[in-house]
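# Summary of the model geometry
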Amino acid sequence: MAAPIGFKFSRILKNINSIKPCKPRCCFTTDSTGTKENERQSSDTHFGFQRVSKSEKDEKVFEVFKNVAEKYDTMNDIMSGGIHRLWKDRFINVLHPTPGTKLLDVAGGTGDIAFRFLDFIRTNYSTASLSVKDEDIEKESTTVFPKEDDSTHVAVCDINPNMLKVGESRAEENSYLKGISFIEGNAESLPISDECADAYTIAFGIRNVTNVDKALEEAYRVLKPGGRFLCLEFSHVNNPVLRSIYDNYSFQAIPVFGEVIAADWKAYQYLVESIRQFPNQDEFKYMIEDAGFSLVKYENLMFGVTAIHSGFKL
């Protein structure tokens with residue numbers, strides 16, 4: 001037979017009264033285990049599959065691209081079988097720049113996106129004017145675009161001087177002498193004034209940024225109202241069969257190519273691991289929206305091996 005309701009209630013009260021009050025803890029105590037753990041986690045990040053401090057990641061990523069700069073484009077061709085060229089072509093077609101566009105290409109040291117941008121303008125708008133190269137552009141940290149408003153210009157920004165050096169050499173070798181400048185800068189704190197760019201692109205670079213949210217906020221800051229954010233990045237393959245094939249190729253073949261061609265197994269092991277640590281398509285879409293962008297969407301390429309994310313500053 002069930003116990004009377006009153007009896008149950010009295011037992012509940014008795015149990016409550018028997019509980020000893022907890023000692024109050026100040027939420028500002030700095031030596032508590034929980035606070036220390038939170039602080040540690042907030043100051044840590046990933047470098048591939050390793051957990052490192054944020055400052056350590058900055059240094060490690062810098063060293064990776066310093067070491068692979070000379071072989072970077074060759075390795076891209078070998079790792080992707082040349083398909084990265086098609087991805088970048090599609091990327092520029094999605095941007096579909098028009099004459100007079102001021103483009104900021106971040107993490108674009110070797111110039112692949114910048115050269116495609118200039119080629120697109122020349123091919124589709126033969127009468128478009130390109131800005132004359134201004135030697136002072138690289139010297140003045142906030143003036144990356146020439147003053148003439150009707151000229152087309154791309155500013156290539158990269159944190160690594162070795163990558164920029166490769167890009168500048170390629171520009172000279174291939175006669176990209178107008179409409180382009182190279183500046184050294186961090187995606188998380190761009191040395192560029194507010195609302196000066198019509199478009200912001202970053203290709204295969206944002207996953208190497210320590211604080212992706214800060215980079216997105218910077219992208220929003222430097223874009224003019226109506227400006228477009230466009231990102232090309234390795235992403236996530238959802239089909240389990242294709243994902244298994246892709247993972248096996250990535251982990252078994254790419255580091256080997258890195259060792260044979262660039263004499264750097266660890267750098268390409270990191271690059272493979274960093275792809276797996278990057279947010280999936282929808283998660284990254286939400287991050288872009290959180291930075292303030294509107295009309296955010298993405299397009300998968302090769303079943304999600306890479307994805308193009310797009311957003312506007314409205």
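Residues numbered from 1 in each chain as written. Predicted model: local features only at pLDDT ≥ 70, side-chain atom pairs only at ≥ 80, totals over all residues. Heavy atoms only, no water.

## Focus: the packing of helix 5 (residues 83-95) against helix 6 (residues 112-124)
Cut-off, in case you're wondering: Here an angle of 0 to 180 degrees is reported between the N-to-C directions of two axes, which are lines fitted to C-alpha atoms, with helices fitted over the stretch in contact. What counts as a helix is a DSSP run of H or I of at least four residues, what counts as a strand is a run of E of at least two, and both are numbered from the N terminus. For classification purposes, an angle smaller than 35 degrees is called roughly parallel, one larger than 145 roughly antiparallel, one from 65 to 115 roughly perpendicular, and anything else oblique. Rotating anticlockwise by less than a right angle from the far helix to the near helix defines a left-handed crossing, while the corresponding clockwise rotation defines a right-handed one. When checking whether two residues touch, look at their non-hydrogen atoms; a contact exists if any pair is within 4.5 Å. The classification used treats Ala, Val, Leu, Ile, Met, Phe, Trp, Tyr, Cys and Pro as nonpolar, Asp, Glu, Lys and Arg as charged, and all other residues, Gly among them, as polar.
For the pair helix 5 and helix 6, interaxial distance at closest approach is 10 Å and the crossing angle is 55°. Between helix 5 and helix 6, the angle is such that the two are oblique. When you trace helix 5 past helix 6, the crossing you get is right-handed. Residues His84, Arg85, Lys88, Asp89, Phe91, Ile92, Asn93 and Leu95 of helix 5 pack against Asp112, Ile113, Arg116, Phe117 and Phe120 of helix 6. Tallied by class, residues from the contact of helix 5 with helix 6 come to six nonpolar, two polar and five charged.

## Digging into the packing of helix 9 (residues 240-262) against helix 10 (residues 265-277)
Where helix 9 contacts helix 10, the axes come no closer than 7 Å and their chain directions differ by 155°. Taken as axis vectors, helix 9 and helix 10 run roughly antiparallel relative to one another. Here helix 9 runs over helix 10; the crossing is right-handed. Between helix 9, through Tyr246, Asp247, Ser250, Phe251, Ile254, Pro255, Val256, Gly258, Glu259 and Ala262, and helix 10, the contact on the second element is made entirely by Trp265, Tyr268, Gln269, Val272, Glu273, Ile275 and Arg276. Per-class residue counts for the contact of helix 9 with helix 10 are ten nonpolar, three polar and four charged.

## Digging into helix 5
Heads up, the rule is: To estimate the expected span of a helix, subtract one from its residue number and multiply by 1.5 Å. Here's how the labels work: a residue is buried when its accessible area is under 20% of the maximum for its type, exposed when over 50%, partly exposed in between, all with a 1.4 Å probe on protein chains only. Comment: arc refers to directions from the helix axis out to C-beta atoms.
With 13 residues, helix 5 should reach 18 Å at 1.5 Å per residue; the first-to-last C-alpha distance of 19 Å fits that figure. Residues His84, Trp87, Lys88, Phe91, Ile92, Val94 and Leu95 constitute the buried set of helix 5. For helix 5, the angular spread of buried residues about the axis comes to 155°, placing them on one side. Taken from the residues just after helix 5, His96 is the one with a positive phi, measuring 45°.

## Side note on the side chain of Asn76
Examined against the element boundaries, Asn76 turns out to sit in helix 4 (residues 72-80). Asn76 has contacts with His84 and Lys88, leaving out every residue within four places of it along the chain.

## Some words on the sheet that holds strand 7 (residues 223-234)
The following threshold applies: Paired strands are those between which DSSP finds at least two bridges.
Read across the sheet, seven strands follow the order 5-4-3-6-7-9-8 without closing on themselves; strand pairing throughout is mixed. Looking along the sheet, the strands with just one partner apiece sit at the ends: strand 5 (180-184) and strand 8 (294-301). Here the strands of the sheet are splayed against their neighbours by 15° on average, with no regard to which way each runs. Pairing of strand 3 (residues 102-106) with strand 6 (residues 197-203) involves four bridges; the strand directions are parallel. When the bridges of strand 6 are listed, Asp105 appears paired with Thr201. Packed on one face of the sheet, helix 6 meets strand 3, strand 4 (153-158), strand 5 and strand 6 and runs near 175° to strand 4. Those strands touched by helix 11 (residues 281-290) are strand 7, strand 8 and strand 9 (306-312), and its axis lies near 155° from that of strand 8.

## Points about the packing of aromatic side chains
Our working rule: Ring pairs are drawn from Phe, Tyr and Trp, using the six-membered ring of Trp, whenever the two centres fall within 6.5 Å, and their geometry is named by plane angle: stacked under 30 degrees, edge-to-face over 60, tilted for the rest.
Going through the model one piece at a time under the given rule, you end up with nine aromatic pairs. With 6.1 Å between their ring centres and 90° between their planes, Trp87 and Phe234 make a pair best called edge-to-face. Pair noted here: Trp87 is in helix 5 and Phe234 is in strand 7, with a separation of 147 residues, a long-range link. The two residues Trp87 and Phe234 agree in class, both being buried. Ring centres 5.5 Å apart and planes at 25° place the aromatic pair Tyr200 and Phe229 in the stacked group. Of this pair, Tyr200 sits in strand 6 while Phe229 sits in strand 7, placing them 29 residues apart in sequence.

## A look at helix 4
For helix 4, the set of buried residues is Tyr72, Asp73, Met75, Asn76, Met79 and Ser80. The buried residues of helix 4 all sit within an arc of 160° when viewed along its axis, so they share a single face. Positive phi appears at Gly81, one or two residues downstream of helix 4, with a value of about 65°.

## Description of the environment of Phe303
Assignment of secondary structure puts Phe303 in the loop between strand 8 and strand 9. Separated by 65 residues in sequence, Phe303 and Asn238 place their C-alpha atoms 7.6 Å apart. Those residues within four positions of Phe303 in sequence are excluded, and the remaining contacts are His236, Val237, Asn238 and Leu242.

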